[in-house]
Amino acid sequence: MTTDLLQQAAASNQWAAIFPELSLGCLALLLLGLEMVLPKDNQRQIPLVALVGQAGILVGLLINFYTATLDTETFNSLLRHTHQGQVMRVFFLVASLLVTMLGMISLPKQKVPRVEFYHIVLVISAAMMLLAQSNHFVMLFVALETVTVGFYILVSYFRTSPFSLEAGLKYLVMGALSSGLLLFGIALLYGVAGNPALPGHTAEPMGFSGLHSFLATGANAHHFLAASGVLLVLAGIAFKIGAFPFQIWIPDVYQGAPTPVTAFLAVGSKAAGFAVLFNLLQVFSPCSWLLVPVITVMAAATILFGNFAALTQHNVKRLLGLSGVSHAGFLLLGVVASVTVPMAVGAVHFYLFAYLLASFAVFGVMAHVAGANDADQELDHYAGLAKTNPFLAAVLVIGLGSLAGIPPLAGFMGKLFIFVAAFKAGHYGLLGVAIVGVVVSIYYYFGWIKAAFFETPTASGDECQASRPQISVGLVARVVLTLLAMATVVLGFYQGPLGVWVALR
Amino acid sequence: MIHSLYDPLLLSIAVPLAVAVAIAFGLPKRWSVRLAYVGFAAPALLALCVWTRYAGGPQDHGYAFLTHYNTGLSGLGITLTLGLNGISLPLFVLASLVGLAAGLYAIQSGAERLKIYLMLLLVMQAGLMGVFASVDIFFFYFFHELALIPTFIMVGVWGGRDRTYAAMKLTIYLTLGAMLSLVGLIALYVKSGATSFDLITLRDYLAAHPLGETVQKNIFGLLMFGFGILVSLWPLHTWAPLGYGAAPSSAAMLHAGVLKKFGLYGLIQIALPLLPAGVGHWSHPLALLAVVGNVLVIGLITMAQRDLKQMIGYSSVMHMGYAFLGVACFSALGAGGVVLLMVAHGLSVALLFLLATSIHHRTHTFDMDEIGGLAQKTPVLAAFFVAATLASIGLPGFANFWGELTIFIALWHFSPLYATLAVIGVVISAIYGLRAVARVFFGPSTEALSQVTVANPPADLRWSEKIPALILLAALLFIGFWPKSLSTPLNATLAAAYPAPAQAAAK
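Residues numbered from 1 in each chain as written. Chains lettered and ligands numbered in written order. Predicted model: local features only at pLDDT ≥ 70, side-chain atom pairs only at ≥ 80, totals over all residues.

Moving on to the overall build of chain B. If you tally the helices and strands in chain B, you get 22 helices and three strands. Principal axes of the C-alpha set define a box for chain B whose edges measure 70 × 55 × 40 Å. Expressed as a percentage of the 507 residues in chain B, the buried residues total 62%. Long-range pairs, those at least 24 residues apart, make up 81% of the contacts in chain B with a sequence separation of at least 6. (Helix = DSSP H or I, 4+ residues; strand = E, 2+ residues; numbered from the N terminus. Buried ≥ 20, exposed ≤ 12 C-beta atoms within 10 Å, placed from the backbone. Contact = placed C-beta atoms within 7 Å.)

If you want it as structure tokens, here you go:
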């Protein structure tokens, strides 16, 4: 069996289909190798190697965007390469590139090993890319666990900080629980789809196509075990997305985790969840009688919880975490709509890209403003930022404006597409909730902007300001942050290929 | 699909925006100010040029200067379509003139961090030109928000008393209004089944396939309250006086003068012609809110104000009540009156805010009880203020008169009761307007004022303040004496979009 698979793979050279993932893995190993080989003085250059390597892979991926393997299955149907998968691959690669950049700003402020961080980021990105293309529950679970285990390490990476360790422990417990739920769901589906007593049972109950054909047969979609399995799998994914009622871990973990990891969790992990959700939604389409109402309620509760809980936060990492919960809600709104309106898929992708650009702009500013204690990032620390560092303040405003969905920024276009899709799908009630969410969110985003622009440092703030070193923005960071801010503005005005991608569907 | 190099509408949006971008990328201050003159003057010159060329020019689907530009969203039916019809032309001209006056006033104001202030004003100016030049309803909304965001920042950073609270309140109220109207516009797009956000296509499509009555009613309700919040419809008006009271003068001029008209413009250009059955359901509630709330209640509140800027803010809320009454009439006459009133009110309220700030520079207070007898020291300022007040009351000879008169006539056809109540409002506005003039400029000089002015006696208006004021006053008088320059194109467009007067009267 194994040799068959290898021979088959070699014959059609399917390895070429996953060259970005393979190169990421090689790059990750190269970093570790370099650390052993290079003298201590030159080790500072290792993150740059990671940065350049990822940029090279990104270029390679973009050139080969329309590969021959598009719309085919490889590795014995473990992977399925689709347009959506390609888009998400680009997304994850960009995200890991930016996380590397954030790491270069944030890590030197701490006494921690450096290279392993970049290594793990690369491995996680490769796993996320595979996750977005998985076509089999084994593939899905292995990739997902690679991501999750990587995050266990990353979240508690600042091992001298009790906050980071606490966050790591919480994430470990919650992550294990979610993996357990997911696995239980997969096992139920496996059992019921492979049950010879049922009509339409399949020999490949773990494969997505086999499972889909089983669910589509007769009344199988209403079978109790199948429905329970679908719900449990959804619950497992909801943990990753941070959707209600599985969002409890988010504020603590986001606060404790190192800022670059928080960004990676907020953007990468969330997007990975949505990529999987889209794939599974197609597989589970016969169960939409169950999924649509469940996700609808979930989306409404997520939007409301995220926004209202964020209102009272003073720690910016917690605030961003909870606002991220509300963004997950808006994205879920798009997911629900995508069941009937194909355009919603593109809308969600656009939203994810807008969210990526804006979030990393904001996290980039946070990485600069943060002092030695990474978990202690209060709104007060931003008082008077516009005077002390106008560049960071401008980037912050653009990022937050886009997150708040204010035109003419990219975030507004994302919300608009999702609202149009939701309207087309007829989810009026959910749309009303979303509007309430947007208006509420304006309050806390502007609270932050207010702190940066309208407030002068108070007496206690002065002490903080005095105790923290002058913020200096390096050249690479300056270029990247400028690019992020400009992309956020430009995407609001001119959507170009991304707009076509949304509209095509 | 005409693409010529010279597109006055696109240029009037692009020039201020380009100047703003140039300033954002670190132009030195001297050049920033020089370029800012270009950025404010170009739209005004282009708009005047467009105004003169409008009559007799070629028209396409009722729009002159129609052009399309693809921004990558054509698959969704969104293209940047620019054009002017009889409804948008007056407002386009208004936006350019008030923008020029506000810009000139801002340049001479010497505000702190002037470069960024001018940059935000230029972005606002570009957005305003875009709002009225857009035929595509998506870009219509988009440009509105582009103009709205700088307002929040300007109020928060350069504002006066309570600026943080005012900025926050303004942001939340206006976002709510904008979101409601956005949902209304999306609903209109999706429910119509047309595949374009383009107003021309949408109108033709809806003429062939009218929407059901319930749908029309719901969408009109959304648009009415959404746009209503933006125009300060009672009881959702509380952001306006507070915001204008705190806003720096140029931002208040542009917002109260032009940007606020976005909601009314949306109702007249989009909601009324496309949702005729929806208007029927809402016209009486709307008229009642407007006449009781905006005109009478707010009118009485305005009379009780001591703060000059707050008073002007309240008076602008009150005048919007007349505009809503004109909308509620749902006739070509009423809508035409609203457009004229919007232009007139935009010019006069901008002039009042400008003069109020000039008064503040000389007296260091907005409290009318602490000012008195200013006319002896600053006769020119007094003359301007009296003229602006009379215009705002609606004296014949000023543009406001034609707007209010037309609305009252249309309102009489609609309901004589409302018309009677609305006319009482004119008396109220005469009382507070003239009382403000009397308190500030005439009577004995107060002790508080003489303490302030003993060190530096108040000088009369400087030329740098006079020029923007003159621009606004000249426009008010020009339209007041020759309303036909606006009403001829307006009539042509309204006649096509609205039911004939006979029909409206029969309703």
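Once you've had a look at it, read on.
Once that is clear, we can look at the environment of Leu29(A). Examined against the element boundaries, Leu29(A) turns out to sit in helix H2 (residues 19–37). Separated by 446 residues in the primary sequence, Leu29(A) and Leu475(A) place their C-alpha atoms 27 Å from one another.

For the rest of this paragraph, the subject is the sheet that holds strand S1 (residues 59–60) of chain B. Residue and element names in this part refer to chain B. If you trace the three strands from one edge of the open sheet to the other, you get S1-S2-S3, paired in antiparallel fashion. Of all strands in the sheet, those bounded by a partner on one side alone are S1 and strand S3 (80–84). Relative to S3, strand S2 (residues 63–69) is paired through four bridges, and the arrangement is antiparallel. Its bridge partner lying in S3, threonine 67 is registered against leucine 82. (Pairing = 2+ DSSP bridges.)

Here the residue pair Phe244(A) and Pro245(A) is connected by a cis peptide bond, since its omega of 0° sits within 30 degrees of zero. As for its position among the elements, Pro245(A) is in the loop between helix H9 (224–241) and helix H10 (250–256). Here the amide bond leading from Trp234(B) into Pro235(B) is cis, since omega sits at 0°, within 30 degrees of zero. The topology assignment puts Pro235(B) in the loop between helix H8 (213–230) and helix H9 (239–246). In the Ramachandran plot, Phe75(A) falls in the positive-phi region, its phi being about 50° despite a non-glycine side chain.

The next thing to look at is the packing of helix H6 (residues 137–155) of chain A against helix H11 (residues 259–283) of chain A. Residue and element names in this part refer to chain A. Contact geometry of H6 with H11 gives a least axis separation of 11 Å together with a crossing angle of 170°. When the axis of H6 is compared with that of H11, the two are roughly antiparallel. Here the hand of the crossing between H6 and H11 comes out left-handed. Together, Leu140, Val147, Phe151, Leu154 and Val155 of H6 and Val261, Leu265, Ser269, Ala272 and Val276 of H11 make up the contact between the two elements. For the contact of H6 with H11, a count of residues per class yields nine nonpolar, one polar and no charged. (Axes fitted to C-alpha atoms, helices over the stretch in contact; angles between N-to-C directions. Parallel < 35°, antiparallel > 145°, perpendicular 65-115°, else oblique. Left-handed = near helix turned anticlockwise from the far one by under 90°. Nonpolar A, V, L, I, M, F, W, Y, C, P; charged D, E, K, R; others polar.)

Attention now moves to the pairing of S2(B). Residues and elements named next belong to chain B. With two bridges joining them, S1 and S2 adopt antiparallel strand pairing. Residue aspartate 60 lies in a different strand from S2, and its bridge partner there is tyrosine 63. The hairpin formed by S1 and S2 contains two residues between the paired strands, and histidine 61 there has a positive phi angle of roughly 55°.

Residues and elements named next belong to chain B. With 22 residues, helix H3 (residues 88–109) ought to run about 32 Å at 1.5 Å a step, and its terminal C-alpha atoms sit 31 Å apart, in line with that. With 20 of 22 residues buried, H3 lies mostly within the body of the structure. Directly after H3, the chain includes glycine 110, whose backbone phi takes a positive value near 60°. (Expected span 1.5 Å × (residues − 1).)

All right, on to the interface of chain A and chain B then. Across the boundary between the two partners, chain A contributes 25 residues, which contact 22 residues of chain B. At the level of secondary structure, the elements contributing two or more residues to the side of chain A that touches chain B comprise helix H17 (410–425), helix H18 (428–453) and helix H21 (496–504) of chain A. Broken down by element, the residue count for the side of chain A that touches chain B peaks at nine residues, all from H18(A). Split into classes, the residues belonging to the side of chain A that touches chain B amount to 20 nonpolar, three polar and two charged.

What follows is about the nonpolar core. In this structure, Leu131(A), Ala101(B), Leu325(B), Leu347(B) and Ala350(B) are the most contacted members of the largest nonpolar core, which totals 408 residues. No other element matches the 22 residues that helix H14 (residues 343–369) of chain A contributes to this core. Those residues in contact with Leu325(B), other than ones at most four positions away along the chain, are Ala287(B), Ala290(B), Val291(B), Ile407(B), Leu411(B), Tyr418(B) and Ala422(B). (Core = buried A, V, L, I, M, F, W, Y, C linked by C-beta atoms within 7 Å.)

Turning to the environment of Gly175(A), a few remarks are in order. Residue and element names in this part refer to chain A. By the secondary structure assignment, glycine 175 is in helix H7 (residues 162–193). The class of glycine 175 is buried, set by 22 C-beta atoms lying within 10 Å. Spatially, the C-alpha atoms of glycine 175 and isoleucine 442 are 31 Å apart, while their sequence positions differ by 267 residues.

Residue and element names in this part refer to chain B. Inspection of the secondary structure puts methionine 303 in helix H12 (residues 276–303). By the C-beta count within 10 Å, which is 17 here, methionine 303 ends up partly exposed. Sequence-wise, methionine 303 and leucine 174 are 129 residues apart; in three dimensions their C-alpha atoms are separated by 26 Å. In contact with methionine 303, not counting residues within four places along its chain, are Ile428, Ile431 and Tyr432.

Moving on, we come to the packing of helix H4 (residues 83–106) of chain A against helix H5 (residues 115–133) of chain A. Residue and element names in this part refer to chain A. For the pair H4 and H5, the least separation of the axes is 9 Å and the interaxial angle reads 165°. For the element pair H4 / H5, the angle class is roughly antiparallel. Crossing geometry of H4 relative to H5 is assigned as right-handed. Two secondary-structure elements touch here, H4 through Gly85, Met88, Arg89, Phe92, Leu93, Ser96, Val99, Thr100 and Gly103 and H5 through Phe117, Tyr118, Val121, Leu122, Ser125, Met128, Met129, Ala132 and Gln133. Broken down by class, the residue content of the contact of H4 with H5 amounts to eleven nonpolar, six polar and one charged.

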